[in-house]
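Given next are the chains, with one letter for each unit.
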Amino acid sequence: MANLFDIFNKRSPRSSTGSENEHERRPSIRTVGTADIPRTAVNNSVSGFENKDGAKVPGNNQLVSDLRHERHENSSSFTIPKLKRNQQDLLTEIPLESHEFQQEILPALTKCYRFPSSSAKFTFQRVQVVHNAERTQMYLQKRKEMRQNGYTEREMADSYAFLFVESDRQVEKICKEGLRVGNVTTCTIGHPAMGVQLCRFVDIIRPGPFPERTSGRLLMFKIMKGRVKAVVENRTGTYLEPTPNHDSHVAKTNSDLVPSSHLQLFESNQIYLYEYGDLNVEPYPRHVLPFAVILYRYKEVSPTVKTPDTPVLMSSPKIAATSAPSLRMIMSSPKEAEDPEYVIWCGRLKVRDALDCQVKMVATACIYKPARLGSNSRLASLM
């Protein structure tokens, strides 16, 4: 019987050989660093993978690339929206009870009456304010240049002038573009093709009298008179060119001379404005700014004067002291008195061949009509 130890010794090499063969059949495992893996393999590994359902899902790098591409496309097509400002209309109507009309426009109109009695003859029915940012900026720029050139505050102060317009189309054109030189065909204080002519007074905006009970359009301008040149009116047809280093012309006043017609009165109360540029006069003077459009109605106010039904004619101009009425001479537009006034004579009054006007003689008591007063009266001396 073989020894058991010999049998075990013979089997041990077989077991060792089997273990070696078994070790060879097992896969070898070793740790590999990320540095040893190629970059393309890493990118491919994260560029895509499959989920549990077998669908291909892009990796992190692919998602980042897609987001960057989409962001670039959106940035090229997207623009920041600009803030839209509400543009005001060229003409904006304001109520007659508004603060702007009552405190700014109406006082300016009241101060620009040539005759105080005209305030009762004009009724303002509609007011529109002009909004023109471009012309307003030019107006302010002109004032800045005046200040730099040594103009005084009085010369740069805001004043007002007026123009009678006939149509709404003409109003809109002037308010949009400004007042162009040559707005009149004739001018006695300047050259009509080199400046603009405006009226200084509200009640003298027409070369003739106002028709009774009529309506019209009055264009109100804000102006800077600047340096004013007083010139003698020239009605010979030879026009006076704008004076250098000045900004406006007005007629030289003559207290001894009274206009004999409404046309002369109109021409004597104008203002002529102009602006010299680098080479020639500017087509649109910057110190003339359209300000407001006013619809007015004119109505003549009759004086409160009573005429006696049966005046008593005297054969002699001598009147007893006890029965002499209190007489006083007034102009054709007398002010209202406490007592009723009776017209006892009316006609033309001349003073040294210069003053020629229509006058009325009224009385507040029982009157006697003078017998020896003709249609014309001449005053030679004062008592």
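Residues numbered from 1 in each chain as written. Predicted model: local features only at pLDDT ≥ 70, side-chain atom pairs only at ≥ 80, totals over all residues. Heavy atoms only, no water.

## So, unusual backbone geometry
- The backbone phi angle of Arg213 is positive, close to 55 degrees, even though this residue is not glycine.
- Turning to its location among the elements, Arg213 is positioned in the loop between strand 6 (196-199) and strand 7 (214-224).
- Of note, the phi angle at Asn245 is positive, near 60 degrees, even though the residue is not glycine.
- Mapping Asn245 onto the fold places it in the loop between strand 8 (228-231) and strand 9 (248-251). (Helix = DSSP H or I, 4+ residues; strand = E, 2+ residues; numbered from the N terminus.)

## Considerations on the nonpolar core
- The biggest cluster of nonpolar side chains holds 27 residues, and the ones touching the most others in it are Ile105, Leu109 and Met220.
- Looking at this core, the elements that each hand over two or more residues are helix 4 (99-111), strand 4 (122-130), strand 7, helix 8 (262-268) and strand 11 (288-298).
- Excluding its chain neighbours within four sequence positions, the residues that come into contact with Leu109 are Phe124, Phe162, Val202, Leu218, Met220 and Ile294.
- Core analysis: the next-biggest nonpolar cluster, separate from the first, contains 19 residues, Cys175, Val181, Leu219 and Ile271 among them. (Core = buried A, V, L, I, M, F, W, Y, C linked by side-chain atoms within 4.5 Å. Buried < 20%, exposed > 50% of the residue type's maximum accessible area, 1.4 Å probe, protein only. Contact = heavy atoms within 4.5 Å.)

## Details of the pattern of salt bridges
- Under the defined criterion, the tally for this structure stands at 11 salt bridges.
- Among the salt bridges present, the one from Asp168 reaches Arg217, with a minimum N-O distance of 2.7 Å. Placement of Asp168 in helix 7 (residues 168-177) and of Arg217 in strand 7 is noted, with a sequence separation of 49 residues between them.
- For Arg286, the salt bridge is made with Glu275, and the minimal N-O distance between the two is 2.7 Å. (Salt bridge = Lys/Arg side-chain N within 4 Å of Asp/Glu carboxyl O.)

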